[in-house]
Amino acid sequence: MDSFILLCCLLQLFRNAAVIGVESPSMAVGDGAGEMLASSQPPPPPSALTLTPSTPSITHFVNDSFIIFCKTVQKDIDTKWRDPRGQTRENTKGRVHIEKKTGLLALVFEHISLDDKGNWTCEMDPAAAAREPTKSFELLVNQKISFDKTELVQSVREGRDALVNCYVKGQPAPEVSWLHNGEYINTVNSTKHRRLSDGLFIRNVSQTDAGEYTCRAMRITPTFSDSDQITILLRIQHKPHWSYNETLPMQYAYVGGAVNLSCDAMGEPPPSFTWLHNSKGIVGFNHRIFMADYGATLQLDIRNASQFGDYKCKVANPLGMLERIIKLRTGIKPIGPTRIQLKRLYPDALELDLRSPRMTNATDEMQIFGYRVAYMSESDFKYSAGNWSHAKQRDFSFHRGHRFIVPHLKSNTTYLMRVASRNLAGLSDWSTVRKFATATASSWKAISWQLLMISFIGLALMWY
C-alpha cells in the first residue's frame, strides 16, 4: 500500500515538472511580447475636460469672489456645472452663475457663502468624450470670525446668576477664552465661571463682578490662523447707595450769597434724583439743578430768608430708594481780605501774602478758613473782554498751611488776580483786581545763585 502511494506522488511530481517545462518558455515569450506591445502603444489621449485653476480643492472665505473655468478639447461640445447637491446650474445671473464662451464654461461666485462648500462638477456628454467626461473640485469655505449681534453693554441683577452673552461665528469654529478687566478667567474646574457656547456663565454675581469682559476667539488651522475679540461692559444692577459720606447734614448761606447742595449716589440702573424744600417741590427762578448719572447738585441763589430750611434729596431706581436731608441755616457773610501782596515770584508760580481780620460778630465756626483766588493772564483778560467767568480758580484752606502759591503759570507773564475770603456760609465780595508778573527763567537763575552765595557766606561766618 505504501509503495502504491509513493508511486502516485512521483507520477504527480513528474506531471507538474512537465507542465512547468512546457509553459515557462511560452510565458517568457509572452512577457517579452507584452513589453514590446506596451512600448509600441501610443500615449493616452488628453483629458476631454480641464479646470482652471486645476487644484483638486480650493479654500475661500465667506463673501470672497471666485471664478473657475471648465475647458473642453472640442469647442463645439456642450458642458454643464453641477453643484454639491447634484443640481445643474444654468442661470447666467445671480450670486452663483455660469458664463458661456466658445470652448469655456465659467462658474462665477460673486459672493461665496457657507452653502457653497462641497464638490462642484463640470461634465459633458459621455458619448462625445473619449475619456473622463467629468472634472470636479472641492470648494472649502471658511467664515471669518464675527460676533454677530453681541450687545456691548449688558446688565444682571446683584445676587443672581449671569450669562455674559457672546455670539461667536466662524468656520472652522474658533476657540473662545475670557478676560475680566484684562485678567484671564480660568473656566476649567471653576465653581464661579463656566464657558458656554453662547457666552460666559457667572454664578451669584456681586459688585466685584462688574467691569469689562473680553470675549476672545482664536483658531489655528494647517492653512491659516486668525483671532478677534470684543469687549463687553457688564453692569450689576443694585439698589442705590450713597457714594460719599462727606456731605454735611447742615450747611450755611447768607441772603445775597449762593450755596451748592450736593447729592451723590450709585445705583444700577442709574437712579433718578429729586429735590424737595420743606417737603414741597422747589419753584421759582433762584435755583438750578445740575444732573449727572450718579449725582445731582442743587445751586441756590439766596434772595430772601424763606429759602432757608430743610432740603431733601430723594434717590430711586427700580430696586430701591434713599433719602437724605440737608439743613440750610443762616450764616454770616465773610469779610474780604485786607492784604493782598506778592510775597515771592517764580518763573511758573506766584506766592501771595493774604490776610483777613477775625470777625467779631461771628462764632468760631463762622470764622474765615481760607481764600479763593481767581486769575487769568493779561492777554486772556483782553481776549475774553474782561469776563471773569473764563478765569481759573484755586481754593486755599488754612489747615493746609499758610502758604498761598498759585502754580502752573507761564514765565515772564503778567497775571490779573482777585481774591475772596471763604467761610461756611460762602464767599465774601471779590477784592479789587491786582496785577502780578512771574519771573523770567534767566533772572530766576541769577537770583537763585545770589541766594546760594549768601547762604554760604552766612554759614562761613557762623563757622568762623
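In the block above lies the structure referred to throughout.
Residues numbered from 1 in each chain as written. Predicted model: local features only at pLDDT ≥ 70, side-chain atom pairs only at ≥ 80, totals over all residues. Heavy atoms only, no water.

Asks: I keep staring at the overall build of the protein chain and nothing clicks. Help me out?
Replies: When you go through the protein chain residue by residue, the secondary structure sums to three helices and 34 strands. Buried residues in the protein chain amount to 35% of all 464 residues. Long-range pairs, those at least 24 residues apart, make up 63% of the contacts in the protein chain with a sequence separation of at least 6. Summed over all atoms, the accessible surface of the protein chain reaches about 28,900 Å², with 55% contributed by carbon and sulfur. (Helix = DSSP H or I, 4+ residues; strand = E, 2+ residues; numbered from the N terminus. Buried < 20%, exposed > 50% of the residue type's maximum accessible area, 1.4 Å probe, protein only. Contact = heavy atoms within 4.5 Å. Areas by Shrake-Rupley, 256 points an atom, 1.4 Å probe, with all protein chains shown as cover.)

Asks: Sorry, what's going on with the pattern of salt bridges here?
Replies: Any two side chains of opposite charge can pair, on the condition that their charged atoms come close. For the structure on display, the rule yields 20 salt bridges. Put simply, arginine 82 and glutamate 123 hold a salt bridge, and the shortest N to O gap is 2.8 Å. One end of the pair, arginine 82, is in strand β4 (residues 79–82); the other, glutamate 123, is in strand β8 (residues 118–124), with 41 residues separating them in the sequence. Accessibility expressed as a relative area gives 25% for arginine 82, which makes it partly exposed. Accessibility expressed as a relative area gives 16% for glutamate 123, which makes it buried. Bridged by salt links that share partners, the residues Lys80, Arg82 and Glu123 form one connected network. (Salt bridge = Lys/Arg side-chain N within 4 Å of Asp/Glu carboxyl O.)

Asks: Could you clarify how one ought to interpret the sheet that holds strand β21 (residues 272–277) in this entry?
Replies: Picture the strands of a sheet paired through backbone hydrogen bonds; they go either parallel or antiparallel. Spatial strand order, β19-β26-β25-β21-β22: five strands in an open sheet with mixed pairing. Because the sheet does not close on itself, it has two edges, and the strands there are β19 (250–253) and β22 (280–281). Bridge count for β19 against strand β26 (residues 320–330) is four bridges, and the pairing is parallel. Looking across to β26, one finds that tyrosine 252 is bridged to arginine 329. (Pairing = 2+ DSSP bridges.)

Asks: Looking at this structure, I do not really get the side chain of serine 428. What am I missing?
Replies: Mapped onto the fold, serine 428 is located in the loop between β33 (426–427) and β34 (434–437). Those residues in contact with serine 428 that lie beyond four places of it in its chain are Pro334, Ile335, Gly336, Pro337, Ala420 and Ser421.

Asks: I keep staring at the state of the cysteines and nothing clicks. Help me out?
Replies: Linking two cysteines covalently through their sulfur atoms gives a disulfide. One pass over the full model with this rule turns up three disulfides. A sulfur-sulfur distance of 2.1 Å marks the disulfide that ties cysteine 166 to cysteine 215. What sets the handedness of the cysteine 166 and cysteine 215 disulfide is the S-S torsion sign, and at about -85° it is left-handed. Within this pair, whereas cysteine 166 is found in the loop between β11 (162–165) and β12 (169–171), its partner cysteine 215 is found in strand β17 (residues 211–220), the two being separated by 49 residues in sequence. Of the two residues, cysteine 166 and cysteine 215, neither departs from the other in class, the shared state being buried. Each bonded cysteine of the protein chain gets a number by its place in the sequence, and the pairs then read 1-2, 3-4, 5-6. (Disulfide = S-S within 2.5 Å.)

Asks: Looking at this structure, how should I read a nonpolar patch on the surface?
Replies: A surface patch of nonpolar side chains, about 240 Å² in accessible area, is lined by Leu152, Val153 and Leu233. Here leucine 233 falls in the partly exposed class, since its relative accessible area comes to 31%. (Patch = residues over 30% accessible without salt bridge, like charges linked within 9 Å, V, L, I, M, F, W, Y side chains within 5 Å.)

Asks: What's the story with the sheet that holds strand β27 (residues 339–345) in this structure? I'm lost.
Replies: The strand order across the open sheet formed by three strands is β27-β28-β31, and the pairing between neighbours is antiparallel. The open sheet has two free edges, formed respectively by β27 and β31 (404–406), since each of these has just one partner strand. For this sheet, the mean inter-axis angle between neighbouring strands, taken without regard to orientation, is 35°. When β27 meets strand β28 (residues 350–355), the two strands line up antiparallel, connected through six bridges. Opposite glutamine 341, over in β28, you have aspartate 353 as the bridge partner. (Axes fitted to C-alpha atoms, helices over the stretch in contact; angles between N-to-C directions.)

Asks: Is there a simple way to explain the pairing of strand β16 (residues 199–202) in this structure?
Replies: Regular strands have side chains that alternate between both faces of the sheet. Judged from the four bridges that link them, β11 and β16 form a sheet pairing that is antiparallel. In the strand pairing of β16, leucine 163 is matched with phenylalanine 201. In terms of strand pairing, strand β15 (residues 193–196) meets β16 through four bridges, oriented antiparallel. Within β16, the position partnered with arginine 194 by the bridge is phenylalanine 201. The antiparallel pairing of β15 with β16 creates a hairpin that spans two residues between the two strands.

Asks: Whenever I open this one, unusual backbone geometry confuses me. Can you help?
Replies: When glycine is set aside, most residues are seen to have a negative phi, and most peptide bonds are trans. Across the junction of glutamine 171 and proline 172, the peptide omega takes the value 0°, indicating a cis bond. Even without glycine at this site, alanine 385 takes up a positive phi of about 60°. Here alanine 385 is to be found in the loop between α2 (378–383) and β30 (392–397). You can call alanine 385 exposed: its relative accessible area is 69%.

Asks: What exactly am I supposed to notice about the environment of leucine 409 here?
Replies: Locating leucine 409 in the fold gives a position in the loop between β31 and β32 (414–423). Between the alpha carbons of leucine 409 and threonine 438 there is a distance of 7.7 Å; along the sequence they are 29 residues apart.

Asks: What's the story with the packing of aromatic side chains in this structure? I'm lost.
Replies: Any two aromatic rings considered together are summarised by their centre-to-centre distance and by the angle between their planes. Taken as a whole, this structure holds ten aromatic pairs when the rule is applied. Ring geometry for phenylalanine 66 against phenylalanine 109: centres 5.8 Å apart, planes inclined by 25°, an arrangement best described as stacked. Here the residue phenylalanine 66 occupies a position in strand β3 (residues 66–72), and phenylalanine 109 occupies one in strand β7 (residues 104–109), the gap between them amounting to 43 residues. Take phenylalanine 66 and phenylalanine 109: they sit in the same class, and that class is buried. Pairing tyrosine 371 with phenylalanine 398 gives two aromatic rings, centres 5.6 Å apart and planes at 65°, and the pair type is edge-to-face. Taken as a pair, tyrosine 371 in strand β29 (residues 370–377) and phenylalanine 398 in the loop between β30 and β31 lie far apart in primary sequence, 27 residues in all. Following the ring pairs from residue to residue traces out a cluster consisting of Phe66, Trp81, Phe109, Trp120 and Phe137. Between arginine 194 and the ring centre of phenylalanine 201, over which it is positioned, the NZ or CZ distance is 4.6 Å. (Phe/Tyr/Trp six-rings, centres within 6.5 Å; stacked < 30°, edge-to-face > 60°. Lys NZ or Arg CZ within 6 Å of the ring centre and 35° of its normal.)

Asks: Explain the nonpolar core here, please?
Replies: General note: in soluble globular proteins, nonpolar side chains tend to be found buried as a group. Ranked by size, the top nonpolar core spans 22 residues in total, and within it Ile68, Trp81, Leu107, Phe109, Trp120 and Phe137 carry the most contacts. When contributions to this core are tallied by element, the ones reaching two or more residues are β1 (49–52), β3, β6 (96–101), β7, β8 and β9 (134–146). Once residues lying within four places of it in the same chain are set aside, the contact partners of isoleucine 68 are Leu51, Thr52, Pro53, Ile58, Trp81, Leu105, Ala106, Leu107 and Phe137. Formed by 19 residues, the second largest nonpolar core is a distinct cluster that contains Phe147, Val176, Leu200 and Ile230. (Core = buried A, V, L, I, M, F, W, Y, C linked by side-chain atoms within 4.5 Å.)

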